[in-house]
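The primary structure of each chain is shown beneath.
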Amino acid sequence: MASYVFAQNVPAAEYDRSLAWAALLAVAIGTVMVYSASISTAEASRFTGYNAAYYLARHGLFVGVALTAAMAVFLLPVRAWQQAAPWLFLGCVALLVLVLIPGIGREVNGARRWISLVVLNVQPSEAMKLAVVLYAADYTVRKHAVMKSFKKGLLPILGVMLVVSWLLLREPDFGALVVIAVTAFGILFLGGMNGRHFALLLVMLAAGFVALVLSSPYRLQRIFGFMDPWSDPYGKGYQLSHALIAFGRGEWLGVGLGASVEKLHYLPEAHTDFLLAVIAEELGFVGVALVVVLFTWIVLRAFAIGRQAALRERYFPALLAQGIGIWIGFQALINMGVNMGLLPTKGLTLPLMSFGGSGLVVNCVAVAMLLRIDWESRQLARGLPA
């Protein structure tokens, strides 16, 4: 990335270093903690060949692919993403359809969310998160003149989102649906949606989510487990109770890197959904606070970059940047809330940090887009072509 900046005769400081370092630090901490959280699981599994470093090796490969993809994305002008947005969205919709086809979609624990490509599994819902940000930003810019109209502005994209929601619920992936819906309609609100329509939409979304929970026994059990995990610590409250134990054991400075007890087959999904609980146990309040600060800074920079783009009347980049901020911030908030017992248990990873190739690659690509938007704004401020 730096070589490209120099090639354009722009000093290396002409990109947001603080954002880049915050993202890289999150990825680095995530890599260390994925290894720490997964050692016992890998050693005990025949699937991994009883190799303690199995998940570290896989995650390291994902990190390499993610950083390579991020550098490639940084080289592309933002206008190219605007032109490609509808086609990328349609491509991701096609992937959501493909993942539901037996023989193509891979089923794990009753959910069909992955497409197996022999050496790795692709999760279409992760790609859809970025595709929705791009599509919603492009749609809002194209339809800006009629965004106040329910029939011409809101109804078309609402119909599209209902199709995406149905496909996600078929997997099922309720967590991805919540993140995608909040991100998409957040972008529409920032883009000038009618305030009354937005309020009505919030009511509809809330009612829809409540109906989905009440109509699904396993989602209802998660709510009961969240309200009182200690009433059934070996059943519906199992994950949350062990996550809370991990937080309690960590106290201020943690029990030490690698010394977690909860990761020893007590806390399920320790290297994915509950990575923050392991961080809390091993690194304590200080470690958790560092993670919170990193994500807070990434979100603040995303909105600041979007604001600078809007001041230069670059509305698609502005909405794209702020949409990425909403997406990453909201998903991180849900994951942290679940780990801390503030929200019902939901299968969402911690962006940039948890184990998982699709999510890591898409998150790093999103950060690269933020850096590109900021770089183009700085170029324009200097009177240079973006």
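Residues numbered from 1 in each chain as written. Predicted model: local features only at pLDDT ≥ 70, side-chain atom pairs only at ≥ 80, totals over all residues. Heavy atoms only, no water.

S.K.: It is not clear to me how the overall build of the chain should be interpreted in this structure. Could you clarify?
M.R.: For the chain, the helix and strand inventory stands at 13 helices and three strands. On C-alpha atoms alone, the chain measures out to a radius of gyration of 21 Å, which is about the 21 Å that the 2.2 N^0.38 rule sets for 386 residues. When its C-alpha atoms are laid out on the principal axes, the chain stretches across 60 × 50 × 40 Å. Of the charged side chains in the chain, 28 are positive and 19 negative, and the gap between their average positions amounts to 11 Å. (Helix = DSSP H or I, 4+ residues; strand = E, 2+ residues; numbered from the N terminus. Rg over C-alpha atoms; globule rule 2.2 N^0.38 Å. Lys, Arg positive; Asp, Glu negative; His and termini not counted. Charge placed at Lys NZ, Arg CZ, Asp CG, Glu CD.)

S.K.: Help me understand the pairing of strand E1 (residues 105-108) in this model?
M.R.: Bridge count between E1 and strand E2 (residues 111-116): four bridges; the pairing is antiparallel. Across the sheet, residue Gly-105 finds its bridge partner in E2, namely Ile-115. Hairpin connection from E1 to E2: two residues lie between these consecutive antiparallel strands, with Asn-109 at a positive phi of about 55°. (Pairing = 2+ DSSP bridges.)

S.K.: Looking at this structure, how should I read the confidence of the model for the chain?
M.R.: In low-pLDDT regions, the fine details of the predicted coordinates are not to be read closely. Here the chain averages 91 in pLDDT, and 97% of its residues register 70 or above. At the level of individual helices and strands, the chain shows its lowest average pLDDT in helix H1 (residues 2-7), which scores 40, and its highest in helix H11 (residues 275-311), which scores 98. The low-confidence segment residues 1-13 (pLDDT under 50) makes 22 contacts with residues lying over four places distant or belonging to another chain. (pLDDT = per-residue confidence, 0-100. Contact = heavy atoms within 4.5 Å.)

S.K.: Would you explain the packing of helix H7 (residues 174-190) against helix H12 (residues 315-340) in this entry?
M.R.: The geometry of a pair of packed helices is captured by two quantities: the angle between their axes and the separation between those axes. Contact geometry of H7 with H12 gives a least axis separation of 9 Å together with a crossing angle of 145°. Crossing of H7 against H12: the hand is right-handed. Side by side, H7 and H12 meet where Val-178, Val-179, Val-182, Thr-183, Gly-186, Ile-187 and Leu-190 of the first sit next to Leu-319, Gln-322, Gly-323, Ile-326, Trp-327, Phe-330, Gln-331 and Ile-334 of the second. Of the residues contributing to the contact of H7 with H12, the split by class is 10 nonpolar, five polar and no charged. (Axes fitted to C-alpha atoms, helices over the stretch in contact; angles between N-to-C directions. Left-handed = near helix turned anticlockwise from the far one by under 90°. Nonpolar A, V, L, I, M, F, W, Y, C, P; charged D, E, K, R; others polar.)

S.K.: What am I meant to see in the pattern of salt bridges here?
M.R.: In this structure the tally under the stated criterion is 10 salt bridges. Between Arg-142 and Asp-138 there is a salt bridge, with its nearest N and O atoms 2.9 Å apart. Linking Arg-142 with Asp-138, this pair stays in helix H5 (residues 124-142), spanning four residues, or about one helical turn. Residue classification places Arg-142 among the partly exposed residues on the basis of a relative accessible area of 47%. Residues participating in the shared-partner salt-bridge network are Arg-314, Arg-372 and Glu-376. (Salt bridge = Lys/Arg side-chain N within 4 Å of Asp/Glu carboxyl O. Buried < 20%, exposed > 50% of the residue type's maximum accessible area, 1.4 Å probe, protein only.)

S.K.: Help me understand the pairing of E2 in this model?
M.R.: When a strand is regular, its side chains alternate between the sheet's two faces. Of all six residues making up E2, five are buried, and the element is well covered by its neighbours. Pairing between E2 and strand E3 (residues 121-122): two bridges, direction antiparallel. For Ser-116, the partnering residue across the bridge sits in E3 and is Asn-121. Linking two consecutive strands that pair antiparallel, namely E2 and E3, is a turn of four residues; a positive phi of about 70° is found at Val-118 within it.

S.K.: How do you make sense of the environment of Tyr-238 when you look at a structure like this?
M.R.: Mapped onto the elements of the fold, Tyr-238 is located in helix H10 (residues 238-250). For Tyr-238 and Leu-56, which are 182 residues apart along the polypeptide, the C-alpha to C-alpha distance reads 26 Å. Setting aside residues up to four positions removed in sequence, Tyr-238 forms contacts with Asp-232, Pro-233, His-265, Tyr-266 and Pro-268.

S.K.: What should I look at first to understand the nonpolar core in this one?
M.R.: Across soluble globular proteins, nonpolar side chains show a tendency to be buried alongside one another. Formed by 106 residues in total, the largest nonpolar core has its most connected members in Met-128, Leu-352 and Met-353. Looking at which element gives the most residues to this core, the answer is H11, with 14 residues. With residues near it in sequence (within four places) discarded, Leu-352 still touches Ala-23, Ala-26, Val-27, Phe-295, Ile-298, Leu-360, Asn-363, Cys-364 and Val-367. (Core = buried A, V, L, I, M, F, W, Y, C linked by side-chain atoms within 4.5 Å.)

S.K.: Sorry if this is basic, but what is going on with the environment of His-265 here?
M.R.: Summarising the element assignment, His-265 is placed in the loop between H10 and H11. Between the alpha carbons of His-265 and Thr-183 there is a distance of 34 Å; along the sequence they are 82 residues apart. Apart from the residues lying within four places of it in its own chain, the contact partners of His-265 are Ser-40, Thr-41, Ala-44 and Tyr-238. Only 3.5 Å separates the side chain of His-265 from the backbone oxygen of Ser-40, close enough to count as a polar contact. (Polar contact = N/O pair within 3.5 Å; in protein donor to acceptor, adjacent residues only side chain to side chain.)

S.K.: Just checking my understanding: could you explain the packing of aromatic side chains for this structure?
M.R.: To describe a pair of aromatic rings, one takes the distance between the centres and the angle between the planes. This model, assessed by the stated rule, comprises 10 aromatic pairs. Considering the side-chain rings of Tyr-54 and Tyr-55, the 5.2 Å spacing of their centres and the 85° angle between planes classify their relative orientation as edge-to-face. Overall, the relative accessible area of 12% leaves Tyr-55 in the buried class. Seen in terms of ring centroids, Phe-74 and Trp-375 are 6.2 Å apart; in terms of plane orientation they differ by 65°. Their pairing is edge-to-face. (Phe/Tyr/Trp six-rings, centres within 6.5 Å; stacked < 30°, edge-to-face > 60°.)

S.K.: Looking at this model, I keep getting lost on H10. Mind explaining?
M.R.: Residues spaced three or four apart along an α-helix face the same direction, because each turn holds 3.6 residues. Taking 1.5 Å per residue as the helical rise, H10 with its 13 residues ought to reach 18 Å, and the 19 Å between its terminal C-alpha atoms agrees with that figure. Turning to H10, its buried residues number three or more, namely Leu-240, Ser-241, His-242, Ala-243, Ala-246 and Gly-250. The inward-facing, buried residues of H10 abut helix H9 (217-227), H11 and H12. After H10 finishes, the residue Glu-251 shows a positive phi value of roughly 50°. (Expected span 1.5 Å × (residues − 1).)

S.K.: What is the right way to look at the sheet that holds E3 in this model?
M.R.: Pairing between sheet strands relies on hydrogen bonds along the backbone, with the strands arranged either parallel or antiparallel. Spatially, three strands are ordered E1-E2-E3 in an open sheet, and the strand pairing comes out antiparallel. At either end of the open sheet lies a strand with only one pairing partner, and these are E1 and E3.

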